[in-house]
Amino acid sequence: MTTPINRLFRLQSRPQGAVTEKDLEWIEECVPEIDEGQALVRTLYLSLDPTNRVWMSQLRSYIPPVELGAVMRGLGVGQVVESRRDDLPVGAYVLGFTGWQDYCVADDSVLEFPFTVLPDPLPAPLPAFLGILGHTGISAFIGVELGDPQPGETVVVSAAAGAVGSIAGQLAKQRGARVVGIAGGVEKCRHLVEELGFDACVDRHADNWRELLDDATPDGVDVDFENVGGPIMDHVLGRLNIGARVSLCGLISEYDTYNEDSGQPGLRNANQLLMQRATLRGFIVTDHVERYGEIIGMIAAALGEGSLTYDETIVDGLENARETLNQALSGGTRGKAVIKVASPVD
């Protein structure tokens, strides 16, 4: 009988810029054995998120960086293939930190976020639990709720064609706001306006994107759903209205370039938070675990009635995770980026 192989990525160095083969090494090892209180989970789908890049660095975060030599951390949907714990039966679909590997040991002592068994029967395809019905959909919901857009107000969403931004814009529209997206490329902007219902979208690749954003927000900005940071966030801050709200979900433009000695300039328009008496609120989705069921239920209902839709970029093959993450960070994917690692077993 052939011994099953566990293919995986180990973090060997802190990336400087895009993630390279030197940073994330592709390795094949034996599948780990389990002890009492553990289960063996086969990864089916792996979520690729900007926070993956944060965890590779030494940036201060809400959980510690991945240690050098360790399997790359990542959220995934898997199937239990062997178990010595009653709460994770063989065959069950589970959501948790599978890591960038074929097989992982489900041992909740490793992280404070335990594996969760998905409902049976499944109300949606498995990748949806890493996107619209998972942490990205919940992030969009919470960020819009914190921004509290009112009918007639102007909401700007950066990285609007991404997993979170595309949903946040739709949710803001449902509240009666005027929604302006910022995305990379003419086709993404067309998709957001014509298919997802945004009122306008600015191509960040355009040389005159600042002027285009000014034209798209003639009455200023009441809510900024911020995913990008850098020059885009700085310009949006300069257009805030009195009493504006900034929901700080991410700073994706800075994750590839984080360096304490980089000397990069800060936000020149941060003073507008004071001058316009604005509120900036950062949030992390895991701070709202007690609301997951409630929020997922509302999102699922919206999907069912057709008032909400979502995009996915699903790439086949775990070996493609590193390059796909680089593409996602540079804007080369649309919607939620997911790696298909394996097919379920009946």
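Look above for the structure.
In short, a report on the structure.

What counts and what doesn't
- The residue count restarts for each chain, going from 1 along the sequence in the order it is written.
- The predicted origin of the model limits local features to residues at a pLDDT of at least 70 and limits the giving and counting of side-chain atom pairs to 80 or more, whereas totals for whole chains, interfaces and linings rest on all residues.
- Here the side-chain values reflect all heavy atoms present in the structure, with hydrogen atoms and water set aside.
- Each helix is a run of H or I in the DSSP string that is no shorter than four residues. Each strand is a run of E no shorter than two, and both are numbered from the N terminus.
- Radius of gyration means the value over C-alpha atoms here, while the globule rule gives 2.2 Å times the residue count to the 0.38 power.
- Remark: exposure states derive from per-residue accessible area (1.4 Å probe, protein chains only) relative to the maximum for the residue type, with buried under 20%, exposed over 50%, and partly exposed in between.
- Note on contacts: a residue pair is in contact if any heavy atoms of the two residues lie within 4.5 Å.
- Surface accessibility follows the Shrake-Rupley procedure with a 1.4 Å probe radius. Residue values consider only the protein chains on display as shielding.
- The charge count includes Lys and Arg as positive and Asp and Glu as negative, but it does not include His or the ends of the chains.
- The location of each charge is read from NZ of Lys, CZ of Arg, CG of Asp or CD of Glu.
- Under the rule applied, a polar contact is a pair of N or O atoms within 3.5 Å (in protein, one hydrogen donor and one hydrogen acceptor; residues adjacent in sequence only if both atoms are side-chain atoms).
- An arc is given here, and it is the one of the directions from the helix axis to the C-beta atoms.
- Axes here refer to lines fitted to C-alpha atoms; in helices the fit is confined to the stretch in contact. Angles between the N-to-C directions go from 0 to 180 degrees.
- When describing relative orientation, an angle under 35 degrees is termed roughly parallel and one over 145 degrees roughly antiparallel, while 65 to 115 degrees is termed roughly perpendicular and anything else oblique.
- Amino acids outside the nonpolar list (Ala, Val, Leu, Ile, Met, Phe, Trp, Tyr, Cys, Pro) and the charged list (Asp, Glu, Lys, Arg) are all regarded as polar, and Gly is one of them.
- A strand pair is defined by DSSP finding two or more bridges across the two strands.
- Pairing of aromatic rings covers Phe, Tyr and Trp, the last counted by its six-membered ring, and requires centre-to-centre distances within 6.5 Å; plane angles under 30 degrees mean stacked, over 60 mean edge-to-face, and any other angle means tilted.
- Salt bridges are defined by distance alone: a side-chain nitrogen of Lys or Arg within 4 Å of a carboxyl oxygen of Asp or Glu.

Focus on the overall build of the protein chain
Item 1. Across its full length, the protein chain carries 10 helices and 15 strands.
Item 2. What you see for the protein chain is a C-alpha radius of gyration of 21 Å, in line with the 20 Å of a compact globule of 346 residues.
Item 3. Counting only C-alpha atoms, the protein chain reaches 70 × 50 × 35 Å along its principal axes.
Item 4. For the protein chain, the residues scored as buried account for 52% of the 346 residues in total.
Item 5. Sequence-distant contacts in the protein chain: of pairs separated by 6 or more residues, those separated by 24 or more amount to 66%.
Item 6. Summed over all atoms, the accessible surface of the protein chain reaches about 15800 Å², with 50% contributed by carbon and sulfur.
Item 7. Across the protein chain, 27 positive and 49 negative side-chain charges occur, with their mean positions spaced 4 Å apart.

Quick notes on the side chain of Asp 102
Item 1. Residue position: Asp 102 is located in the loop between β5 (93–96) and β6 (103–106).
Item 2. With a relative accessible area of 5%, Asp 102 lands in the buried category.
Item 3. A polar side-chain atom of Asp 102 sits 2.7 Å from a polar atom in the side chain of Arg 7.
Item 4. The residues contacting Asp 102, other than those within four sequence positions of it, are Ile 5, Asn 6, Arg 7, Val 41, Arg 42, Thr 43, Leu 318 and Val 341.

Focus: helix α4 (residues 186–194)
Item 1. Taken as a whole, α4 has its buried residues at Lys 188, Cys 189, His 191 and Leu 192. All buried residues of α4 fall inside an arc of 160° around its axis, so they share one side. Away from the buried face of α4 by more than 90 degrees, exposed residues Val 186 and Glu 194 are located.
Item 2. Among the structural elements, β9 (178–183) and β10 (200–203) are those in contact with the buried residues of α4.

Focus on the packing of helix α2 (residues 135–147) against helix α9 (residues 292–305)
Item 1. Following both chains from N to C, one finds α2 and α9 inclined at 95°, their axes separated by 10 Å at the closest point. Accordingly, the angle class assigned to the pair α2 and α9 is roughly perpendicular. On α9, the residues that touch Gly 137, Ile 138, Phe 141 and Ile 142 of α2 are Tyr 292, Ile 295, Ile 296, Met 298 and Ile 299.
Item 2. The residue inventory of the contact of α2 with α9, partitioned by class, reads 8 nonpolar, 1 polar and no charged.

Topic: unusual backbone geometry
Item 1. With omega at 5°, the peptide bond leading from Asp 120 into Pro 121 counts as cis.
Item 2. With respect to the helices and strands, Pro 121 occurs in the loop between β7 (116–117) and α2.
Item 3. A positive phi angle, near 50°, is found at Asp 148, a position not held by glycine.
Item 4. Secondary-structure assignment places Asp 148 in the loop between α2 and β8 (154–158).
Item 5. Note on Asp 148: relative accessible area 36%, which makes it partly exposed.
Item 6. Positive phi values are uncommon outside glycine, yet Arg 277 reaches one of about 50°.
Item 7. Structurally, Arg 277 is set in the loop between α8 (271–275) and β13 (279–282).
Item 8. Classification of Arg 277 as exposed rests on a relative accessible area of 56%.

What about the side chain of Asp 203?
Item 1. Relative to the helices and strands, Asp 203 resides in strand β10.
Item 2. Only 2.9 Å separates the side chain of Asp 203 from the backbone nitrogen of His 205, close enough to count as a polar contact.
Item 3. In contact with Asp 203, other than residues within four places in its own chain, are Ala 183, Gly 184, Gly 185, Val 186, Cys 189 and Trp 209.

Examining the pairing of strand β4 (residues 76–83)
Item 1. Sheet analysis places strand β3 (residues 39–48) next to β4, joined by 7 bridges and oriented antiparallel. If you follow Ala 39 over to β4, its bridge partner there is Ser 83.
Item 2. Strand direction decides the pairing type here: β4 and β5, joined by 4 bridges, are antiparallel. Residue pairing across strands places Gln 79 opposite Tyr 93, the latter belonging to β5.

Let's talk about the packing of aromatic side chains
Item 1. One pass over the full model with this rule turns up 4 aromatic pairs.
Item 2. Consider the rings of Phe 9 and Trp 26, whose centres lie 4.9 Å apart with planes at 55°: the pair is tilted. With Phe 9 in strand β1 (residues 5–11) and Trp 26 in strand β2 (residues 24–30), this residue pair connects regions lying 17 residues apart in the sequence.
Item 3. For Phe 9, a relative accessible area of 1% puts it in the buried group.
Item 4. Taken together, a centroid distance of 6.4 Å and an interplanar angle of 75° make the contact between Phe 225 and Phe 283 edge-to-face. Here the residue Phe 225 occupies a position in strand β11 (residues 221–226), and Phe 283 occupies one in the loop between β13 and α9, the gap between them amounting to 58 residues. Comparing Phe 225 with Phe 283, the two get one shared label, buried.

Thoughts on the pattern of salt bridges
Pairing between side chains of opposite charge can happen when their charged atoms approach one another.
Item 1. Within this structure, the stated rule accounts for 16 salt bridges.
Item 2. For Lys 336, the salt bridge goes to Asp 49, with nearest N and O atoms at 2.4 Å. You can see Lys 336 sitting in strand β15 (residues 336–340) and its partner Asp 49 sitting in the loop between β3 and α1 (50–56), a full 287 residues away along the chain. Side by side, Lys 336 and Asp 49 carry an identical accessibility label, which is buried.
Item 3. With its nearest N and O atoms 2.6 Å apart, the salt bridge here joins Arg 291 to Glu 145. With Arg 291 in the loop between β13 and α9 and Glu 145 in helix α2, this pair connects stretches of sequence that are 146 residues apart.
Item 4. Overlapping salt bridges bring together Glu 187, Arg 190, Glu 194 and Glu 195 as one network.

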